[in-house]
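Residue-level listing of the chains:
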Amino acid sequence: MYHYNDFDTAFVRNRVAQFRAQVGRRIDGSLTEDEFKPLRLMNGLYLQLHAYMLRVAIPYGTLNSRQMHQLAMIADRWDRGYGHFTTRQNIQYNWPKLRDVPDMLEALADVGMHAIQTSGNTIRNVTADHFAGAAADEVADPRPVAELLRQWSTDHPEFQFLPRKFKIAVTGAEADRAVIRAHDIGLRIVERDGAQGFEVIVGGGLGRTPMIGKVITDFLPQADLLPYLEAIVSVWNLIGRRDNKYKARIKITVHEHGIDEIRTLVDARFAELRPAFSGVDQQILAGIEAQFAPPPLRAAPVAPFETAYAKDPVFRSWADTNLTAHRDPQHAIVQISLKAHGATPGDASAEQMRVMADLAERYGHNELRVSHEQNIVLPHVHKADLPLIHAVLQQHGLATANIGLISDIIACPGMDYCALATARSIPIAQEIATRFDELKLEHEIGDLKIKISGCINACGHHHVGHIGILGLDRAGVENYQITLGGDHTQTAALGARTGPGFPAEEIVGAVETIVQTYLDIRSSREETFIETFRRTGMTPFKSALYPDKEAARDAA
Amino acid sequence: MSREFTPKVVTANDLIEGDAIWLTEDDGWTRDIAQAELIEDEAHGQLRLLHALSQHSVAVGAYLAEAQLGEWGPQPVHFREIFRTRGPSNHAHGKQESA
């Protein structure tokens, strides 16, 4: 894992001191809110419905145990004893007081963390595959590149006042677990003729105008990465639609100009920039890569795992659902579900954070990940240790066996916290999870991703959910639109709307209708929801959801 | 024809705590909407909003929100404003804690 060098430490400490002075000047009246707002946003501090919210960056979703312990301490000392892990692999505190925020940032700096560029029109926290460095299907660990991008983009003088926010995601595997096609820039590490480079995807994004990203180059040599990304952001910075906030993201620029024109402009800018990159960036990258050396994996019998798997059905169910193949067959990738039925998706109490940190320290090479699906990952666990880990997780409400199932719902904070939201997300997620737990159907249903957003900004990724739910305000009442057929992976697709939305009291029933329709029409137990949808299209689901309309059409 | 003016309250977030506050008749701020000034005249509403926006050291992001007279005083109309009077639905935090 990356450890701050002297420059990083001094930079972050200096920023905390600056922000402390800015907060002081805001409180004593020297700064107005208009003057203060851009300063607080640069440091991740929002003002939401009920309180301030501090969004802390977890670069590429990677944490060590000490950092997770510190997040727990901050939650206990300055917040309400919990934190909310987000779809951008960050953590949000929902209840800080303005006076306390500089101390919270100081505590983050103590463990090499910060909240810089988690808001505002800047390059945001770079996200990555949450199985990086552990997955069996990986070309290379994407995190060294993600860390290089963090260093390059942090306080980059040209990119502090962009037309809008800018998000980059990186993966090192063909299977896309980082939603790279729905980012402003998506990077996939690829190999060609024995050399590593990148497939570069540009202009993806969700929100008001969802777009799947387009390939701007299918192979960019590794050494060209920074000048090429600088060229992309620079071209957009110049021609992006600053006149209209809703058309300012690069997806609109790419859409309006076409990928071919954008490629030509980027190539021209790249030709100007490339000579300025003397190779220092590659030296820095090599230094970063050394810090991401794989942990020493122990070789030992996996008999304790096999015994527990054979004897304990609860353990077996959890192992079948929450484990993923590690590149080393004696090891496993563990996903800890933050989606207990009826709980808030992505929330962890300070106590749960400490439990996970301790497990990582003892059994997981001191490493944790936050997934964009709002769960926690222990990436390198020896299988012999799994029964013990499972037992500890059970004691702390962390052993829910539902990864990838219908109750493993992504949900944004929605109108329970967010000032931008148009409806609530959390209660809808809670009710759906509770309902399908009562029905005892979720293992029968299998792979099904529900994603819920409380407004069109789509923090809950609803466009790429197999079932997407969007909360809206319809004449002063919460109303929920459904989309079907979205896909966040390497076969990315945007969902299509079923038809008119549903009031809050009907949305769980509507989801149940969709799922029952799937169970009725799937060709076999092996055919997943998304496969069935692709085979049948919208018609059977629409007929089931809107029977009166269908009957009226038949009668006409 | 312009729409008929409907009653309003001036609301904002507290600078330090960040929670919802409402403007009172005597130029103070309250954490209980029922204590707020119910504004029934459009021009008066604009003056009260201007006053609130000048309160830099107390209130952030002041705006006029729909309200109606209830048994104990002004009440919110829209669900967003109702949530602001109590807190989130997943934890008993916010104003509902002390209610």
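Remember, it's a predicted structure, so these values are computed and weren't measured experimentally.

Asks: Give a description of the overall build of chain B that names residues and reports values.
Replies: Helix and strand counts for chain B come out as 2 helices and 5 strands. Starting at the N terminus, the α and β elements of chain B follow one another as β-β-β-α-β-β-α. Overall, chain B is about 45 × 30 × 25 Å in size when its C-alpha atoms are taken along their principal axes. Restricting to contacts in chain B with at least 6 residues of sequence separation, those with at least 24 account for 52%. Here chain B contributes 8 positive and 16 negative side-chain charges, whose respective centroids are spaced 7 Å apart.

Asks: Please set out unusual backbone geometry residue by residue, giving values where relevant.
Replies: Notably, His365(A) is not glycine yet its phi reads approximately 55 degrees, a positive angle. On the accessibility criterion, His365(A) (33% relative accessible area) is partly exposed.

Asks: Now, about the side chain of Gln22(A): what can you tell me, with residues and values included?
Replies: Topologically, Gln22(A) is positioned in helix α1 (residues 6-27). If we skip the residues at most four places from it in the chain, Gln22(A) touches Leu31(A), Phe36(A), Leu39(A) and Asn43(A).

Asks: I'd like a description of the environment of Ala20(B), backed by residues and values.
Replies: Residues and elements named next belong to chain B. With respect to the element layout, Ala20 can be found in strand β2 (residues 20-23). For the pair Ala20 and Arg84, spaced 64 residues apart in the sequence, the C-alpha separation amounts to 6.2 Å. Ala20 has contacts with Ala12, Asn13, Thr30, Arg31, Arg84 and Lys95, leaving out every residue within four places of it along the chain.

Asks: So what about the domain arrangement of chain A? Which residues, and what values?
Replies: Residues and elements named next belong to chain A. Domain assignment breaks chain A into domain 1 (6-109), domain 2 (142-291), domain 3 (303-395) and domain 4 (410-555). Taking the mean C-alpha position of each, domain 3 and domain 4 sit 28 Å from one another. Both sides of the domain 3 and domain 4 interface together cover about 970 Å² of buried area, and 55% of this is carbon and sulfur. At the boundary of domain 3 with domain 4, the tally comes to 0 salt bridges. At the boundary of domain 3 and domain 4, one finds 3 residue pairs in polar contact (both at pLDDT 80 or more). Split into classes, the residues belonging to the side of domain 3 that touches domain 4 amount to 2 nonpolar, 7 polar and 2 charged.

Asks: Explain a nonpolar patch on the surface residue by residue, including any values.
Replies: Residues and elements named next belong to chain B. A contiguous nonpolar patch, built from Leu47, Leu50 and Leu53 and spanning about 310 Å² of accessible area, is present on the exposed surface. Inspection of the secondary structure puts Leu47 in helix α1 (residues 42-53). Residue class for Leu47 comes out exposed when judged on its relative accessible area of 57%.

Asks: Which residues make up the pattern of salt bridges, and what are the values?
Replies: Residues and elements named next belong to chain A. All told, the structure shown has 46 salt bridges over all chains when counted by the stated rule. Residues Arg40 and Glu33 are paired through a salt bridge, measuring 2.8 Å at the closest nitrogen-oxygen approach. Each of the two residues, Arg40 as well as Glu33, counts as buried. Note that Glu174 is salt-bridged to Arg188, the shortest N-O span being 2.9 Å.

Asks: Mind laying out the interface of chain B and chain A, listing which residues take part and the relevant values?
Replies: Taken together, the contacts link 23 residues of chain B with 33 residues of chain A. Counting the contacts that link chain B with chain A gives 2 salt bridges. With a shortest N-O distance of 2.6 Å, Glu97(B) and Arg80(A) are connected by a salt bridge. At the surface where chain B touches chain A, the tally comes to 14 residue pairs in polar contact (both at pLDDT 80 or more). Taken together, the elements giving at least two residues each to the side of chain B that touches chain A come down to β1 (8-14) and α2 (79-86) of chain B. Take the side of chain B that touches chain A: its biggest share by element is 5 residues, from α2(B). Residues that form the side of chain B that touches chain A fall into these classes: 6 nonpolar, 10 polar and 7 charged.

Asks: Can you explain the sheet that holds strand β5 (residues 91-93) of chain A? Please cite residues and give values.
Replies: All names here are of chain A. If you walk across this open sheet you meet the 5 strands as β1-β2-β5-β4-β13, and the pairing is antiparallel. The open sheet terminates on both sides in strands that have one partner only, identified here as β1 (45-47) and β13 (347-349). The average undirected angle you get between the axes of adjacent strands in this sheet is 30 degrees. Where β1 and strand β2 (residues 52-56) come together, 3 bridges link them in antiparallel fashion. Across the sheet, the residue bridging to Leu45 is Leu54, located in β2.

The rules behind each value
- Residues numbered from 1 in each chain as written.
- Chains lettered and ligands numbered in written order.
- Predicted model: local features only at pLDDT ≥ 70, side-chain atom pairs only at ≥ 80, totals over all residues.
- Heavy atoms only, no water.
- Helix = DSSP H or I, 4+ residues; strand = E, 2+ residues; numbered from the N terminus.
- Contact = heavy atoms within 4.5 Å.
- Lys, Arg positive; Asp, Glu negative; His and termini not counted.
- Charge placed at Lys NZ, Arg CZ, Asp CG, Glu CD.
- Buried < 20%, exposed > 50% of the residue type's maximum accessible area, 1.4 Å probe, protein only.
- Domains from an automatic or database assignment.
- Buried area = accessible area lost by both parts, 1.4 Å probe.
- Salt bridge = Lys/Arg side-chain N within 4 Å of Asp/Glu carboxyl O.
- Polar contact = N/O pair within 3.5 Å; in protein donor to acceptor, adjacent residues only side chain to side chain.
- Nonpolar A, V, L, I, M, F, W, Y, C, P; charged D, E, K, R; others polar.
- Patch = residues over 30% accessible without salt bridge, like charges linked within 9 Å, V, L, I, M, F, W, Y side chains within 5 Å.
- Areas by Shrake-Rupley, 256 points an atom, 1.4 Å probe, with all protein chains shown as cover.
- Pairing = 2+ DSSP bridges.
- Axes fitted to C-alpha atoms, helices over the stretch in contact; angles between N-to-C directions.

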